[in-house]
Amino acid sequence: MKIIHVVGARPNFMKLYPVWKALDQQLSETQIIVHTGQHYDDNMSDIFFDEFGLPKPHHNLDIGSGSHGDQTAKIIQGLEKLFEQLHPHLILVYGDVNSTLGGALVCSKMLIKIAHVEAGLRSFDRTMPEEINRLLTDQISDYLFTPSEDANRNLINEGIAQEKIHFVGNVMIDTLKELLPMAKSPAQLLDERPLILVTLHRPSNVDDPLMLKEILNMLQEISKETKVIFPVHPRTQRRINEFRFDQNKMEKVEFIKPLGYLEFLGLLKHARCVLTDSGGIQEETTYLGIPCVTLRKNTERPVTVTLGTNQVLGEDLIKAKQVVLEQINKKSIDKQIPPLWDGKAGQRIAAIIRKNIDNIIN
Ligand code: UD1
């Protein structure tokens, strides 16, 4: 059996790692990694392969940046050509980025079996490109590996057959649990003040000059009270430059380049509170019991709110600032880890694939 993993963007790589590793341990089958090239900067891509000890991608389509149509079309064209040569039996796609949908679409037409890792998450907001990627990928997948029980309910409500759905837990937490002891403490960045860690890259926050300006003003206000570190995503940096916002004038906010996994984990471990619009960071803070303020109108990861430490505050920056500042003096927080976020999700996925080899090959 020939298995291909299709990945392309930063949040894919920490999901790939535990699945790759578990398949390597449980099966003797050939595994191939195809990188679409959606993310291409070293610190958005290569560094993760090095840190996880993953093999370098066997194929890279180098599709680069572009509009959604342009990006998705190039992924489809590139993958179709490649799969015509490689004849894979099973493709694994991860999360909700354009590479996920592109990979799934190609396979559905070529009658190649599709496994979707992190299936079933829904924000119920179809203005988000990721929601469209999630919905469509799930409709055409054969194996839907879900991270939480809400995801199972969403899939059943959409008419997906029960036997395709496998509640395996959260693969990102596999990676987090395993690599937490190796986190690099960036001592030179820290001081005795409580740390507020910021990551923002969603178009709704960073593509609108007014919104981005208000967010930066809020960060400046917070930085008068405590330490603020902001590893800046390339999309966000591009917008800051385009809108001619002067980062040098905000001397108390520590703007840094995007970090590798182990350095980011080092900061995360020390954070008193995280301000973000990322999906994965909502989960990581829940697992670590760190308060998380999410600047989005909704979340596809409701379990981080109901069981975890996440507060979804939309565009209410006044409230966000208030909640963040409240955390500075708080010492502890109630924490509950969602079911099956136990570091074994990758192993469960590999076991299901192993059990189904005959169905996959035929
Ligand atoms: C993509 C995903 C998003 C995910 C995010 C994580 C989709 C639809 N979006 O958004 O779900 O949360 O990745 O990072 O798939 N750029 C670089 N270097 C890179 C990559 C991007 O400079 O290595 C810049 C380019 O200016 C590019 C912009 O970032 O135009 C946006 O990149 P893109 O891949 O289009 O989307 P993301 O915003 O990263």
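Here, the structure is the one placed above.
Report follows, based on the coordinates. (Residues numbered from 1 in each chain as written. Predicted model: local features only at pLDDT ≥ 70, side-chain atom pairs only at ≥ 80, totals over all residues. Heavy atoms only, no water.)

### As for the overall build of the chain
Logical step 1: In terms of helices and strands, the chain carries 16 helices and 13 strands.
Logical step 2: For the chain, the C-alpha radius of gyration of 20 Å lies close to 21 Å, the compact-globule estimate for 362 residues.
Logical step 3: Its C-alpha atoms give the chain principal-axis dimensions of about 65 × 40 × 40 Å.
Logical step 4: Each of the 362 residues in the chain was classed as buried or not, and the buried ones make up 57%. (Helix = DSSP H or I, 4+ residues; strand = E, 2+ residues; numbered from the N terminus. Rg over C-alpha atoms; globule rule 2.2 N^0.38 Å. Buried < 20%, exposed > 50% of the residue type's maximum accessible area, 1.4 Å probe, protein only.)

### A word on unusual backbone geometry
Logical step 1: The residue Phe-124 is not glycine, and still its phi comes out positive at about 60°.
Logical step 2: Mapped onto the elements of the fold, Phe-124 is located in the loop between β5 (113–117) and α5 (129–140).
Logical step 3: Its identity is not glycine, yet Leu-340 carries a phi of approximately 65°, on the positive side.
Logical step 4: Of note, Leu-340 is situated in the loop between α14 (317–328) and α15 (345–355).

### Some thoughts on the site of the ligand
Logical step 1: Close to the ligand lie 18 residues; Gln-38, His-39, Glu-130, Arg-235 and Arg-238 are nearest.
Logical step 2: Contact distances for the ligand include 2.8 Å between an oxygen atom and a side-chain N or O atom of His-201.
Logical step 3: Between the ligand and Arg-238 there is a distance of 2.8 Å, counted from an oxygen atom to a side-chain nitrogen or oxygen.
Logical step 4: Taking 750 Å² as the accessible area of the ligand by itself, protein coverage stands at 90%.
Logical step 5: For the shell around the ligand, the elements supplying multiple residues, two or more each, are α3 (68–86) and α10 (234–242). (Near = heavy atom within 4 Å. Polar contact = N/O pair within 3.5 Å; in protein donor to acceptor, adjacent residues only side chain to side chain. Areas by Shrake-Rupley, 256 points an atom, 1.4 Å probe, with all protein chains shown as cover.)

### Some details on empty space enclosed by the protein
Logical step 1: Throughout the structure, instances matching the rule amount to one cavity of 30 Å³ or more.
Logical step 2: In this structure, the largest cavity spans a volume of roughly 40 Å³.
Logical step 3: Every residue lining the largest cavity is listed: Val-117, Glu-118, Phe-145, Pro-147, Gly-169, Asn-170 and Val-171. (1 Å grid on protein atoms, 1.4 Å probe; cavity = no way out; pocket = protein on both sides within 12 Å on 5 of 7 lines; lining within 4 Å. Points joined across faces, edges and corners; volume = space filled by probe spheres on them.)

### Observations concerning the pairing of strand β6 (residues 143–146)
Logical step 1: Neither face of β6 is open: one carries Tyr-143 and Phe-145, the other Leu-144 and Thr-146, and all of them are buried.
Logical step 2: By the bridge criterion, three bridges tie β5 to β6 in an arrangement that is parallel. By the bridge assignment, Val-117 is partnered in β6 with Phe-145.
Logical step 3: Where the polypeptide runs from β5 across α5 and back to β6, its parallel neighbour, the crossover connection is right-handed.
Logical step 4: Between the parallel pair β6 and strand β7 (residues 165–167), the chain is carried across by helix α6 (residues 149–157), and the sense of this crossover is right-handed. (Pairing = 2+ DSSP bridges. Right-handed = clockwise from strand over helix to strand, strands pointing away.)

### Focus: the environment of Met-218
Logical step 1: Considering the arrangement of structural elements, one finds Met-218 in helix α9 (residues 209–223).
Logical step 2: Take Met-218: its relative accessible area is 5%, and that puts it in the buried class.
Logical step 3: Considered as a pair, Met-218 and Ile-156 are 62 residues apart in the sequence and their alpha carbons are 41 Å apart.
Logical step 4: Other than its neighbours up to four places away in sequence, Met-218 contacts Leu-275, Leu-295, Leu-317, Ala-320 and Lys-321. (Contact = heavy atoms within 4.5 Å.)

### Some remarks on helix α11 (residues 261–270)
Logical step 1: Along α11, seven of the 10 residues are buried, which leaves the element largely enclosed by surrounding structure.
Logical step 2: Along α11, the positions that sit buried rather than exposed are Tyr-261, Leu-262, Phe-264, Leu-265, Gly-266, Leu-267 and Leu-268.

### Let's talk about the nonpolar core
Logical step 1: Residues Phe-52, Leu-92, Phe-145, Tyr-261 and Ile-353 are the most contacted members of the largest nonpolar core, which totals 57 residues.
Logical step 2: Looking at this core, the element that brings in the most residues is helix α1 (residues 10–26), giving eight residues.
Logical step 3: For Phe-52, the contacting residues outside a window of four places in its chain are Phe-13, Met-14, Tyr-17, Thr-175, Leu-179 and Tyr-261.
Logical step 4: Ile-196, Met-218, Leu-275 and Val-324 belong to the second-largest nonpolar core, a separate cluster that totals 26 residues. (Core = buried A, V, L, I, M, F, W, Y, C linked by side-chain atoms within 4.5 Å.)

### Let's talk about the sheet that holds strand β4 (residues 90–94)
Logical step 1: With respect to topology, seven strands assemble into an open sheet ordered β3-β2-β1-β4-β5-β6-β7, the strand pairing being parallel. A strand with exactly one partner marks an edge of an open sheet, and here the two such strands are β3 (59–60) and β7.
Logical step 2: Taken strand by strand, α3 contacts β1 (2–7), β2 (30–35), β3 and β4, and its axis lies near 165° from that of β1.
Logical step 3: Contacts from α15 reach β4, β5, β6 and β7 within the one sheet, and its direction differs from that of β6 by about 160°. (Axes fitted to C-alpha atoms, helices over the stretch in contact; angles between N-to-C directions.)

### Regarding the packing of α9 against α14
Logical step 1: Where α9 meets α14, the axes come as close as 11 Å, and the angle between the chain directions of the two elements is 25°. When the axes of α9 and α14 are compared, the pair comes out roughly parallel. For the pair α9 and α14, the crossing hand works out as right-handed. Contacts between α9 and α14 involve Met-211, Glu-214, Ile-215, Met-218, Glu-221 and Ile-222 from the former and Leu-317, Ala-320, Lys-321, Val-324 and Leu-325 from the latter. (Parallel < 35°, antiparallel > 145°, perpendicular 65-115°, else oblique. Left-handed = near helix turned anticlockwise from the far one by under 90°.)

### Side note on the pattern of salt bridges
Logical step 1: Under the defined criterion, the tally for this structure stands at 24 salt bridges.
Logical step 2: Notably, a salt bridge pairs Glu-221 with Lys-224, separated by 3.2 Å at the nearest N-O pair.
Logical step 3: We note a salt bridge from Glu-242 to Arg-239, for which the minimum N-O separation is 3.0 Å. Pair noted here: Glu-242 and Arg-239 are both in helix α10, with a separation of three residues, about one helical turn. (Salt bridge = Lys/Arg side-chain N within 4 Å of Asp/Glu carboxyl O.)

### Description of the sheet that holds strand β11 (residues 271–276)
Two pairing modes exist for strands in a sheet, parallel and antiparallel, and in both the strands are linked by backbone hydrogen bonds.
Logical step 1: Spatially, the six strands line up as an open sheet ordered β10-β9-β8-β11-β12-β13, and their pairing is parallel. Each edge of the sheet is formed by a strand with only one pairing partner; in this case those strands are β10 (253–256) and β13 (310–312). With strand direction ignored, the average angle separating the axes of adjacent strands in the sheet is 20°.
Logical step 2: As paired elements, strand β8 (residues 195–199) and β11 share five bridges and run parallel to each other. By the bridge assignment for β11, Leu-195 is matched with Ala-271.

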